[in-house]
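Now for the letters of each chain:
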Amino acid sequence: MEVRAIVVSGYGFNADAELAEAFRLAGAVVERVHLSELLASPQRLESARILAFPGGFSFGDHLGSGQVVALLCRRRLRPALKRFAEDGGLVIGVCNGFQALLRMGMLPNRDSGLGGGTWTIEASLVHNASGRFIDDWVEVEFEAGSRCVWTRGLSSRSLPVRHGEGRFMTRDEASLDSMEAEGLIALRYAKGDNPNGSERDVAGICDPTGRVLGLMPHPEAFLIRENHPQRRRGNRDRPGIELFEKGVGVARDSS
Amino acid sequence: MRIETYFTRPGLDGRSLGPSQIIARALSEPLRVEIVDVVLTDSILPLSLQREIFSDPVVQGIAGGPAPELALFSGWDWLVEVAYRPGVTDTLALTAREALDIATDGSAQERLVQTARLYLVFAEDAGRDALKRAFRPLWNPLIQSAVFISRAEWEGGLRLPELYPRVELHDPLVPEIIDIAALGDSGLLELSEARLLALSLEEMRAVQAWFGKAETIAARAPKGLAAAATDVEIELIAQTWSEHCKHKIFNAWIEYEEAVPSGQGQSRESIDSLYKSYIRATTEELRALRPDLLSVFTDNAGVFAFNDEYAICVKAETHNSPSALDPYGGAITGIVGVNRDILGTGIGASPLFNTDVLCFASPSTPDAEVPRGLIPPRELLAGVHRGIVDGGNQSGIPVAAGAFVFDSSFIGKPLVFCGTGGIMPLIVNGKPSWEKRIEAGMLAVMVGGRIGKDGIHGATFSSLALDEASPASAVQIGDPIIQRRMTDFLLEARDLGLYQGITDNGAGGLSSSLGEMAETAGGIRIDLDACPLKYAGLSPWEILVSESQERMSLSVLRECAEGLFALARRRGVEATAVGEFTDTGSIELCSGGRTVGLIDLEFLHRGVPRLMLKAKWEAPHIGPAKLADCGDWTGTLLEILADPEVASKESLVRQYDHEVKGISIEKPLTGVERDAPSDGAVLKPLYGDWRGLTVTHGINPRLSDHDAGTMALAAVDEAYRAHIALGGDPDRAVALDNFCWPDPVETPVNPDGQFKLAQLVRACRSLREACLVYGLPLVSGKDSMKNDAFAGGRRISVKPTLLVTLVGIIDDVRKAPSTDLLEAGDLLYIVGRGQGCLGASILERVLAARGEGKLGPCPVARPAENLELYRKLAKAISGKLVRSCHDLSDGGLAVALAESCLGGRLGAKVRLDDLPMSGGPEAETGIPLAARLLFAEDPGRFLVSIRYGDRERFERSMSSIRCIGEVGGEPRLEVSLGGRTLIGAALGELERAFKTPIVQGD
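Sequence order sets the numbering: in each chain, residues are counted from 1 along the sequence as written. Chains carry letters from A onward and ligands carry numbers from 1 onward, assigned in written order. Local features are withheld for residues below a pLDDT of 70 in this predicted model, meaning they are given only at 70 or higher, and side-chain atom pairs are given and counted only at 80 or more; totals for whole chains, interfaces and linings count all residues. Values shown for side chains rest on all heavy atoms present in the structure; no hydrogens or waters enter the calculation.

**Student:** Summarise the overall build of chain B; cite the residues concerned and give the values.
**Tutor:** The helix count covers DSSP runs of H or I at least four residues long, the strand count covers runs of E at least two residues long, and both are numbered beginning at the N terminus. Assigned secondary structure in chain B consists of 31 helices and 43 strands. On C-alpha atoms alone, chain B measures out to a radius of gyration of 29 Å, which is about the 30 Å that the 2.2 N^0.38 rule sets for 1002 residues. Structurally, chain B occupies a C-alpha span of about 85 × 75 × 60 Å along its principal axes. Counting every position in chain B, which comprises 1002 residues, the buried fraction comes to 64%. Per-residue and other accessible areas were derived by the Shrake-Rupley procedure at a 1.4 Å probe size, with only the shown protein chains allowed to occlude residues. Surface accessibility of chain B: about 34300 Å² in total, with carbon and sulfur atoms responsible for 51%. In chain B, 101 side chains carry a positive charge and 135 a negative one; their mean positions are 2 Å apart. A radius of gyration in this sense is built from C-alpha atoms; the matching globule rule multiplies 2.2 Å by the number of residues raised to 0.38. Only protein chains enter the accessibility calculation, which uses a 1.4 Å probe. A residue is then buried if its area is under 20% of the maximum for its type, exposed if over 50%, and partly exposed in between. Charge assignment: positive for Lys and Arg, negative for Asp and Glu; neither His nor the chain ends contribute. Working definition for charges: the position is that of NZ of Lys, CZ of Arg, CG of Asp or CD of Glu.

Here it is as structure tokens:
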């Protein structure tokens, strides 16, 4: 069965081409749609089972990373996004897309239960502790007990990171404790490989349905083995496409 | 009102770390700085709206009332607020306005929105003057204002501004009339100087003569124009005739003479244009062999075929003068500017990768040695680097490759080379993508940002030497986000066929873009009143020449216009018809409902008088070399590894995004720990094709102290050698030439102009020689000819510098080797024969710092001898015989060994006995053999490792190779000669030296 995925573009998102390619390699039928088209015709979401927000610098991250896109989506796309989630659609935000999902409140959206939820803003991605943008490959581990359907059963591997604002923060310890307890942490940086000072090495989280995922690393920039910096050393890491295959598989089974 | 966004807990804001360190270092005391983001607006917003738009509720708060006093940050000692001066592009404010627009459904249109950054400084003992000095890296007075308020002043009631001044102009909108006919020679020169036209007396006379011609007067009369010129016309001519746009030196007649050694008289040559004789001729000669060349000479960038479906185009520019004044803005504008060149190539290409090569004086130059009025190199480096980080990363274009070069001659002007490669389908809407249609009757449409006073006279300014009075208006600050949005829109419009021709607005603004397009069409009428402005009050000439950023010019069939404008509206991009292409043979400029300028295209583009220049070459005297044998050279190697040019740039390079687009194969940093330098980039542009691109550079200004011709040969050889080392196809590479020269025109203030011109002639000859041998067509290039500064009462000129950027094809990226050693037991080979010359080497520089003398002649690249060897190596790589390959360059064999060992975290045992070398013996050269073997930077050589079992096959397939040792053993680098140890160093020692911070305290 055909799984349609929409990859959002425009307004300074810039990693949409490789994200679309990742979904294509994972078996989805992909359409790149300018966010202005989605705002003008939210019903376009109805044809898709997966919605993906790519990396980039939407609106220059000028008022905070993902801030203005989140404002746009909260103000103009919220009913359609809610319906999409409630109907069992899958959502992924990579890097800037993750930042936007947090600022929208679509993540962690802890009271979403079976979808919906109040979109309370509870977690944040702030400037890296070093104060610098970083481009590197880091070791990432996927949480075995996570509810996330995108990462279920994935083995740890190296993935590229490249961001200036990737330091995961919650309002307080208790909030992070309960996110952990609820299985909302989807992936972490391996010990000693945390590039940005994120609390408890968190690299990505999901909502309680497990269908909405946000992550800082870029699995879509690890399309083929030759992207890997140890390409000549017979690295055993499987490309990041696996994560998209999981998502497409879940979308196929649930539709 | 002021809207102040702060982080609710200290330590949450990573951005404050850098400023804290900068201020603490300058004041020599530990202290803390916190940042508050400020939006200023002339309207009142409820707190709930402020919070929603301007803060992240998890970590940030909005200060109300007289805060930040009330906020968490009590206890500060100084408030420092930095804001842009009126008229300087404030990109944050544009976004803030757009956000307000979203949140209030469009009612923000008339609001004034500004932004500022407020620093809270926790430093009890800081005095105002010391603090002002300390803030210099965070505050460029040329483009920003800063307010300093002490705790005591605050308590006395002093507050920060509620709004900053904005541009309020009341200039006359009517053009000024300039009675050029009435001016004598001195009057003409005064006019050129007063208006920053940068035109010579001869050129001014040519302008005067054209206005005085009977045909000119007859053509003007019906349009209501007097015989006198308008300022719009004079400015249009000056922009078009600027060195920047017309390359007058490269097109000059040159009488070259050369003193021949030992009194055998002189050799002379008359050169009819360096460009025609050496650049264009080279490419034309190679064209027959290169059917992949699709478009050269005519467009923004050269275009060549990548495969059966796609074409690649590539271009590099410099942005030296603006970067000297505003390092951040200059660099960011350089990047987004060259991105636009690619977007404006053919029918529009999509930027694929960026390159950047940066030349500064040593970042550890003490402030006392920096001439007054110049920015210290450490700050230039930091600012330019930050500009490249923001410009490239925010555009979503990976930085593929680059280099840092340090030489004291760059203290007057840094060299900032920005390059971009682009990709486009071969066929777009049924037509070849590398061609554009610009025809009479089509609309001239401007797309993107609005026009302001920023960047007026950039083109003419870059044609002048830098001095303390250089105009601030010549500086612009590019906005990668506005440009990204415009780029997405244009590529979409391209594929929908909504426009027919495109070019970028760079130097000279509309005067240059529409002026060039008009040449194709046969004329244009420009309506200056139709051009969208940032603010009212610009004179017509300013509208025409402003270099306000993020703009492209299109030719649009009338039937396409409506569709184009509708798409632009949906994408939030401004597109405006500003004129119409005609076939009148002239540029007609209209303002205020009447014609204010009428310039004949033939005169405009071909009327500039040709320069007649003299060049005189006399080879500099290179004294004999003398160097004592120090036995163990380990210490010297460690010093060379710590030289800023060789030392690790990881902390800088890691801040560039080189992974976006998912096309990166060979990255700037390589090896087990991803910290060893690679020889260049390998990219895989298409997801479904294993074919790749190599991107490499060659640059070696130090050699210009000996001979700029040798310098140029070395640059070509280095770039091509790296292409080979990465596995590139020897027959499928193209080159770009970017010349940065000190003024080569002799004048009373530039007495050695003839020598500098002779250096240019020799560089061009050598460039041609090497490119013909290696089969490298020069597909685009650029020259920057006035890299001099007057400061502290002296003239400081850059060393003549040619950057060669090379882009080539590798048929299968899976075959690309890297520089790092792979496995113990592999064999090490040196490929290529050395000369053992040490003049102009890094060793010479390092020893000079110790007070040693010069090291004699420099090595000279021999392309004709190298070519066969390069081809054999390419074949060996393609046959998977080569496990690692590193080209020998700065620091010679010793540095290559150290880098390859570090990359693989593997030791090596190397014996240098019986290495063939073509230079003379020690007695002749005055330099110990060991130093020559270890540190000579002779071009044409590689360090290669292979599997032990491939030994016979490799040796059979190669020539000029010598096995020098094996990989593995102890984690050490051991190098011996005749049983004597030359170098013995643990990898940890090499790593520490290599990772010496190039900026002290970093």
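So that's the structure; there's more coming.
**Student:** Would you mind going over the interface of chain B and chain A in detail, with residue names and values included?
**Tutor:** Any two residues whose heavy atoms approach within 4.5 Å are treated as being in contact. Listed by partner, the interface residues are 73 residues for chain B and 58 residues for chain A. Accessible area that two parts lose when put together, with a 1.4 Å probe and added across both, is what the buried area reports. Summing both sides of the interface, chain B and chain A together bury roughly 5500 Å²; the carbon and sulfur share of this comes to 52%. A per-residue breakdown of the area chain B buries against chain A is headed by V58(B), I102(B) and Y687(B), which together make up 12% of the total. A side-chain nitrogen of Lys or Arg and a carboxyl oxygen of Asp or Glu constitute a salt bridge if their distance falls within 4 Å. Counting every contact that joins chain B to chain A gives 10 salt bridges. Note that R571(B) and E37(A) form a salt bridge whose closest N and O atoms lie 2.8 Å from each other. Polar contacts, as counted here, are pairs of nitrogen or oxygen atoms within 3.5 Å of one another; within protein the pair requires one atom able to donate a hydrogen and one able to accept it, and residues that are adjacent in sequence qualify only if both atoms are side-chain atoms. On the surface where chain B and chain A come into contact, there are 34 residue pairs in polar contact (both at pLDDT 80 or more). The leading source of residues in the side of chain B that touches chain A is helix α3 (residues 91-103) of chain B, at nine residues. Considered class by class, the residues forming the side of chain B that touches chain A number 28 nonpolar, 19 polar and 26 charged. Gly is placed with the polar residues, together with every amino acid not listed as nonpolar (Ala, Val, Leu, Ile, Met, Phe, Trp, Tyr, Cys and Pro) or charged (Asp, Glu, Lys and Arg).

**Student:** Can you lay out the sheet that holds strand β4 (residues 78-84) of chain B for me, pointing to particular residues and giving the numbers?
**Tutor:** Residues and elements named next belong to chain B. Pairing between two strands is assigned when DSSP locates at least 2 bridges connecting them. If you trace the six strands from one edge of the open sheet to the other, you get β3-β1-β2-β5-β4-β6, paired in antiparallel fashion. Lying at the two open borders of the sheet, with one neighbouring strand each, are β3 (60-63) and β6 (144-150). Neighbouring strand axes in the sheet, compared pairwise and without regard to direction, differ in orientation by 25° on average. Pairing between strand β2 (residues 32-41) and strand β5 (residues 113-122): 10 bridges, direction antiparallel. Among the inter-strand pairings, T41 is bridged to a residue of β5, identified as V113. Axis definition: a line fitted to C-alpha atoms, over the contacting stretch in the case of helices. Angles run 0 to 180 degrees between N-to-C directions. Helix-sheet contacts for helix α1 (residues 17-27) involve β2 and β5, and the interaxial angle to β2 is about 120°.

That is the geometry; function is a separate question.
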